[in-house]
Structures are given as structure tokens and as C-alpha cells.
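Observations on chain architecture
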Amino acid sequence: MLTKFPAYYVMAANTDVGKTIFSCGITMTAVKNALRLLYIKPIQTGFPLDSDSSFIKIYNPSDLVSTKTIFSLSNPVSPHRAIFENSNDNPDQCILDEKMLSILEEELKNNDSQFILIEGAGGVASPTIQGQLQCDVYRSLRLPIIFVADSKLGGISCTISSIALLETKGYEIACVLLFDGKDENAVFLKKHYKNKFPVFSFKNLTENKENKTEKIGKKELENWFKTNDEIFSNVFQHLTSYHLTKIEVIEDYIETAKEHIWWPFTQHGFNIEPKVIDSAYKDNITYVNLNKLRDQNILTHCNYDANASWWTQGIGHASFRLAHAAAMAAARYGHVMFPGNIHEPAVKLTQKLINTVGKGWAKRVFFSDNGSTAVEVAIKIAFRKKFGVPNQNEKIKNILVLGLKDTYHGDTHATMNATNPNSFKFNDYWYEPKGYWLSYPSVFMKNKKYFVSLPDDFNSDKLFELNISNLNEIFDKNRDNVILNEIYQNYIDRQMYVLEDSSFTVGALLLEPILQGAGGMKLIDPLFQRLLIQECKKRKIPVIFDEVFTGFWRLGKISAAHLMDEKPDIACYAKLLTGGLLPLSVTLTTEECFESFLGDSLSTALLHGHSYTAHPIGCFVAAEAIEEMFNSSHFCSDNNCLEIPWDFELIEKFSELQNISKVFALGSVFVFELQDEHSDYTSTRSKVLVDKLKEENIDVRCLGNIVYLFAGFNTKKEYLQVVLSKIYDNLKLECHL
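Heads up: these notes are all about the structure in this document. This is a predicted model, so every value here is computed, not measured.

Topic: the overall build of the chain
Of the regular secondary structure elements, the chain holds 23 helices and 26 strands. A compact globule built from 737 residues should have a C-alpha radius of gyration of about 27 Å, and the chain, at 30 Å, falls within 12% of that. Its C-alpha atoms give the chain principal-axis dimensions of roughly 100 × 70 × 55 Å. Here the chain, with 737 residues, has 53% of them falling under the buried criterion. Within the chain, contacts between residues at least 6 apart in sequence are counted, and of these 72% link residues at least 24 apart. By element, 51% of the accessible surface of the chain is carried by carbon and sulfur atoms, the whole surface being about 33800 Å². In the chain, the 76 positive side-chain charges and the 89 negative ones have mean positions that sit 3 Å from each other.

So, in C-alpha cells, the structure goes:
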């Protein structure tokens, strides 16, 4: 969070290290500078004998100083104990931390102070009322930290550990304050943090009593404040300068971006104003907007990350478990060369992959860096499995990939060539289509009913109503729609006849199973894909599933392969693989695919790789991310599936709107198509809606006239309801314009 006036959180290495004394000294300096200061104590235990707000006011009686305590508990113990030991009503503590955060945000938003201090209780990892770590609860605000170090024996270790914990959780340390102490901790810490942030040391209160304010008289403490007046002035000047710099640098960032950054999938010929991201946490991205919010106290706003940051997020942003895993692996390994070597993160991830997305079919894991590369590897493997080692004198020519129209497998040339011509490739010189692409039937809801839309070349009626009550029924292998089965089979048979009578050879079937992503979020009837897969297997054509988008519970089940109950020869995974933290991808294969590369010459091996293959940091994070998915709030362990609490009654209402042509929700994905004559990626039909939703703090991204959003694996039902309702209200309003 970035605020108009300086706002800091005062945290410490431990209890009784002087937080309130230092807060009091900073407050005195603010008064001397004629600034209005607000001091907030979120949780006070030992009240009324202990009251940090009262202490601040005793030494700062000026009207310029306001103090506020949110929760006061009488028992002088940790808040998570005090809330029960001091109440006969057994309060619902689960809502108290949220209530406290809400009050803090309101104070930051509406208070007319010019400087704000929020002082925590105990150390950075001390429990709150709800029993959560203090540093976790306040992370959503992410205010800069004034850190009070421990000047006692053992305080160096405690201080360094606490600061490391805060930084791992995404906080920024503005400065460190501590007493000189007899153990010279300040001397060490100044040297240790020399190039990071300033460390200010203050004269001791009295020998061995620097933190025991209850034994120090008011006069003695007033003298101490006077003695350290210059240091407090330096601290205050630093805090003021630190805050101004954080604001001023935003404009520099924007200018640098305009002059030097080249964004993907962006037309720089348009007048683009970069949006500055301050941070991200759980389901939200925090943006800085100095122009729009200049007259408000809070210069940032949180948007729901409805596009899951290009489909990478599931468990939520800034997972501490994943950040900690990345730090551990970085400190242990950095990066090490992989060919012929193994390391614990790669082995553990391999085991998890074989027992999750690869369960029941995969035996080998090949590591690469992104989804597009994973698919390139898959194509190489499939061709070798199909044709064997190439004979240089009699190379097979005209090898094509069989696929569906409108698919997208990435932006490297082999993956581009494996997809049919579209707006992604119109202006690429090296694009050379090397495939045969079939039309496909798509499933959607309209007017509360589910339909299958069939292309013209299926030689059939264009629309069939499905006799199902929910979308999951389309995956039933015993679907009784014999007519559709026959239509699909006849179309596939005709296409296979064309292929067998052609001058080219099919080297692989490459599919985005069930749901096509960038090609327009098309929900393919799984019955059609099953029949196509079966026909390819009869002809020993290797089957590749590109699950870069659909893998890891995106569609509810652990993978689209498991959802369709079909076993590919090769499958590719990325995006959700690392919980949205790092780029990493894998290509899983059967043992038969692996054996097709065995031989007595290096030239017959799979000669593909990159310098950061199976990088330990990514592998360790991915292994932890899979565990985090298992632990997500919407994961149902009984069925090994994700159960997102969509409001299906509201989704049915979407389907009744006259400006909506199609809608569906599957797993964590919700999609609707706006009525438009020009239905492709270049359509601008959704621009007005997308802009309005962003103004309402919903960060959606469209694919032409297709608008989609994702639910996080931990998104609260109530929050998801609010997001859907806002979208529905905007669409309904558009209908009446």
C-alpha cells in the first residue's frame, strides 16, 4: 500500500525492546514539525494497566496527536490467549482479525493526519487474536516497516531472523531502531545492513533498564527524549524522505517503461499508459494510481486478478510457502547443470508428477522452461515414436500434425506451425502451417439450457440441445445421445479417409483437451475428442495433450486427461505447475516414447534442452505448489477434485441476457461470449465492458469478444459472488442502453 502521507508499521524483534518508546519519540518530532500524527495500537493486552496509546498521549498532549486502540484485552498475555481468558462470551475470534484490518484500512483512508504510526504487539511472528502470525495478518496492507531491533544479548540473531522473515513475506524495511545496549548490537547491525537500510542507535535509558519503562520515571524519560532529540530528527527526516521517494519514483518508472519496455501482445501504436503494480497478495493485485487518487489518502487500489495473471495463479499470489521454498532452494543450490545429474527438488517433483497428473499412464518426465517449449519437445518425441530414427537418405517428407481449428500452443515456430492460420500469425514471415485441422463441436449454455454447436462441415443440424442438468454430465462415457455419436463418428471417418488418401503423413494428434485457451475459450464436446483419440490410437498416431492451460485442477479434476478418462502418449504442463511463482514446464511421456530414443549413438538421443533445465528453485517450488493445491480451501480430498462455489443460479441469469450468446462455468473457469458480428481475437466488442470492470476493481482480460475470469482455489464464496454480481449488473445495464 502506498499512502499520500507517511504511514508506517512499527514491528519488532521481540516484546519489551522499546517499540512504544521509539513510537513516542517519532511522535514528538512530528509535533515539533507541526504535523498531525495518528498513532494506532491494533491490539493492547494488559489493559488498562498497560496502554501504549495512553503512554503516547502522556508525552504528547498536543492536539496534533491522536491515538486509537482497536482491541483492548485485560490479561497481559499473548492476544490469542487473552481473547478467551478475558471474555465470558467466547467471541467469534475468526472474524476479529478481518475486522481489525478493515478498521485500519478505514483509518488510513479517511483520517486527516499527516503521519501515521501503527504499532504491533510483541515480535513480528507473535500471534494475533485469531492465532495467526502478526506478519501474515498485516501483509495485505504491506506498509513499510520501522523495525525495532533487540539490543540485548542474543538480539542480533533475533533481529536478523525477524527481518529476513518480513522480507520473505514481501515487506520493505524503512529503517532499524535500537538502543546502544551494552553488547554493541547496534555496531554489528549497522555494518550488516550497511547497503540496505539505515540503522539508528539511541543512548540507553539507564544501565540494564533500557526497555523497562515501568521502572523509569517520567522526568528521566523526558530527559532521555531530549538527549536523543537529534537522532529522532534524523529518523523522522529519513522516514519523510523515504516516503517521498516512493512516490516520486513512480513517474520515473512509467517514463522508463514508455521509452524502453516492449510488452507482449500489445500494440504500442496505441496510446498506452502503463499501470504500476505495487504488489500482489492472494486473489488481488495492488495498483498505484497517482493521477486518479492524488486527492485521496491511499494511492493504491486492489483489483481482483480475474485473469489469474495470464492463467498462472491458482492458490493465490505471494504464498509464503512457495516464497520460502524458493529461498531455500536458491540458498542451497542456486542453479546446477542437469544432464546426467539429479538433485532432490527434481526427483521429488518427478515423483509427484508421476503420481498426480501422470498417474496411470506416464513413466518419464522431461523438464523445460515454458509451455511452448514443452509442446515443441512433445512434437519431437511423438514423431520419433511414430517414425523411428530418421534415415538421412530416405527421410519422410510432408509430416503434419493433426489437430483442431483455433488451437494455440505457444509462440515458438514449431508450435505456431502446428496450428491453423489466425491473427496470431498473419504477419509472421516464418510461419508455415504444417498441420491438418478439424472443425469441432462446442458446448455452451443459453437461456438456462446446454447446447452443442456443430460446424457446417459436419453435414448436420447446427444446434443440439443436451439433456443434462449440469455441465459435468457431458463427461459421462454413457451419454445416451446416439445421434451426436453418429454425427461425430461420420465426420471423423470422412476426415481420416481424406488423410489416408493424401500426400502427407500424420505424425501426431495434438490437442488442447476439453477447453481451448487463447483460441477463444471454446469448450469442446469431450465425446468428440474421445472418438478422435480412439481413431488415432487405432492408427498408432501418438496422442499429445497440451495441458499447459488445463492441468492441475484448472477444470476441477487434476487434469483434462483424468476428466475425460483418456490416456495420452505425451502431455505438457506449465502455468499452475509452480503456483504462479516461476517459469517451469514439463513434458510427461509413456515408457514406449522414452525407449524410442534409446540407441548406441548420442545422435539418436533427445537433443533438446536449455541451460536452466530442471532448475532446483523451480522444481522445489513446484513440488510445494502441488501440496498447496491439495491444501486449498476448495479442494475436496474425497474426490480429488476442486469444487469452486460458483453461483450457478446467477450464471443461468447470464445466459438469459440478450447481449450474451454463450456462457459456461467449468472448474475454476467462467466464460461468456458477447454478441458480435466479428468474433475473433481482434474484436473490440468487450473493450467498454472490460474498462468498466477495471474501474470496479475487477482485472479481467478478454479474447476479442470472449470475456473470461478465474476463481482462485481459495477465493471466498462471498467474494466470488460480489465479482460475478458486478459483471452481471454491467451486462444487464448494457442491455438497457
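Comments concerning the sheet that holds strand S1 (residues 7-12)
Strand order in this open sheet of 7 strands is S3-S2-S4-S1-S5-S6-S7, and the pairing throughout is parallel. Edge strands, defined here as strands with exactly one partner in the open sheet, are strand S3 (65-73) and strand S7 (199-202). Across the sheet, the mean angle from the axis of one strand to that of its neighbour is 20°, orientation sign disregarded. By the bridge criterion, 8 bridges tie strand S2 (residues 37-45) to S3 in an arrangement that is parallel. Its bridge partner being in S3, threonine 45 is matched across the sheet by leucine 73. Running over the sheet, helix H2 (residues 52-59) touches S2, S3 and strand S4 (115-119) and is turned about 160° from S3.

A closer look at the sheet that holds strand S10 (residues 300-304)
Within the open sheet, the 3 strands sit side by side as S8-S9-S10. Their pairing is antiparallel. In the strand order of this sheet, the two ends are held by strand S8 (276-281) and S10, each with one partner. Each strand of the sheet is rotated relative to its neighbour by a mean of 30°, with strand direction disregarded. Across 5 bridges, the pairing between strand S9 (residues 284-288) and S10 is antiparallel. Bridge pairing in S10 places tyrosine 287 opposite histidine 301.

Details of helix H13 (residues 344-354)
Considered for burial, the residues of H13 that qualify are Pro345, Ala346, Leu349 and Leu353. Each buried residue of H13 sits inside an arc of 95° when the element is viewed along its axis, so together they form one side. On its buried face, H13 sits against strand S11 (364-368), strand S20 (585-589) and helix H20 (616-630).

Some remarks on the packing of helix H6 (residues 155-168) against helix H7 (residues 185-192)
Relative orientation of the contacting elements H6 and H7 amounts to 35°, with a least axis distance of 10 Å. In terms of crossing hand, the pair formed by H6 and H7 is right-handed. Along the contact surface, H6 presents Gly155, Ile156, Thr159 and Ile160, while H7 presents Asn185, Phe188, Leu189 and His192. Residues that form the contact of H6 with H7 fall into these classes: 4 nonpolar, 4 polar and no charged.

Examining the pattern of salt bridges
Applying the stated criterion to the full structure yields 28 salt bridges. The closest approach of N and O atoms between glutamate 98 and lysine 716, which form a salt bridge, is 2.5 Å. With glutamate 98 in helix H4 (residues 96-110) and lysine 716 in the loop between strand S26 (706-710) and helix H23 (717-735), this residue pair connects regions lying 618 residues apart in the sequence. The class for lysine 716 is partly exposed, based on a relative accessible area of 47%. The shortest N-O distance in the salt bridge between arginine 321 and glutamate 624 comes to 2.7 Å. Of this pair, arginine 321 sits in helix H12 (residues 320-332) while glutamate 624 is found in helix H20, placing the two residues 303 residues apart along the sequence. The class of arginine 321 is partly exposed, set by a relative accessible area of 29%.

Details of the side chain of serine 668
Tracing the backbone through its elements, the reader meets serine 668 in the loop between strand S23 (660-666) and strand S24 (669-674). Accessibility expressed as a relative area gives 1% for serine 668, which makes it buried. Those residues in contact with serine 668 that sit more than four places away from it in its chain are Arg554, Leu642, Ile644, Trp646, Leu709, Phe710, Ala711 and Phe713.

So, the state of the cysteines
Applying the stated criterion across every chain yields a total of 0 disulfides. With no disulfide partner, cysteine 302 has as its closest neighbouring cysteine sulfur the one in cysteine 135, 19 Å distant. Owing to a relative accessible area of 38%, cysteine 302 belongs among the partly exposed residues under this scheme. For the unlinked cysteine cysteine 702, the closest cysteine sulfur is that of cysteine 735, found at 18 Å.

Comments concerning the packing of H13 against H20
At a minimum axis distance of 8 Å, the contact between H13 and H20 shows a crossing angle of 35°. The way H13 lies across H20 gives a crossing that is left-handed. Contact residues: H13 offers Pro345, Ala346, Leu349, Lys352 and Leu353, while H20 offers Pro616, Cys619, Phe620, Ala622, Ala623, Ile626 and Glu627. Of the residues belonging to the contact of H13 with H20, the class tally is 10 nonpolar, no polar and 2 charged.

Quick look at the environment of glycine 358
Of note, glycine 358 is situated in the loop between H13 and S11. For glycine 358, a relative accessible area of 1% translates into the label buried. Between the C-alpha atom of glycine 358 and that of threonine 590, which follows or precedes it by 232 residues, the distance is 9.2 Å. Setting aside residues up to four positions removed in sequence, glycine 358 forms contacts with Leu353 and Leu588.

Regarding unusual backbone geometry
Cis geometry marks the peptide bond from phenylalanine 47 to proline 48, where omega comes out at 10°. Relative to the helices and strands, proline 48 resides in the loop between S2 and H2. Positive phi, close to 70°, is recorded for aspartate 406, a residue that is not glycine. Within the secondary structure, aspartate 406 sits in the loop between strand S12 (399-404) and helix H15 (413-417). Exposure remark for aspartate 406: the relative accessible area of 27% places this residue in the partly exposed category. A positive phi angle, close to 70°, is found at lysine 448, a residue other than glycine. Looking at the secondary structure, you find lysine 448 in the loop between strand S14 (442-446) and strand S15 (449-453).

Reading the values: rules and limits
- Residues numbered from 1 in each chain as written.
- Predicted model: local features only at pLDDT ≥ 70, side-chain atom pairs only at ≥ 80, totals over all residues.
- Heavy atoms only, no water.
- Helix = DSSP H or I, 4+ residues; strand = E, 2+ residues; numbered from the N terminus.
- Rg over C-alpha atoms; globule rule 2.2 N^0.38 Å.
- Buried < 20%, exposed > 50% of the residue type's maximum accessible area, 1.4 Å probe, protein only.
- Contact = heavy atoms within 4.5 Å.
- Areas by Shrake-Rupley, 256 points an atom, 1.4 Å probe, with all protein chains shown as cover.
- Lys, Arg positive; Asp, Glu negative; His and termini not counted.
- Charge placed at Lys NZ, Arg CZ, Asp CG, Glu CD.
- Pairing = 2+ DSSP bridges.
- Axes fitted to C-alpha atoms, helices over the stretch in contact; angles between N-to-C directions.
- Arc of directions from axis to C-beta.
- Left-handed = near helix turned anticlockwise from the far one by under 90°.
- Nonpolar A, V, L, I, M, F, W, Y, C, P; charged D, E, K, R; others polar.
- Salt bridge = Lys/Arg side-chain N within 4 Å of Asp/Glu carboxyl O.
- Disulfide = S-S within 2.5 Å.

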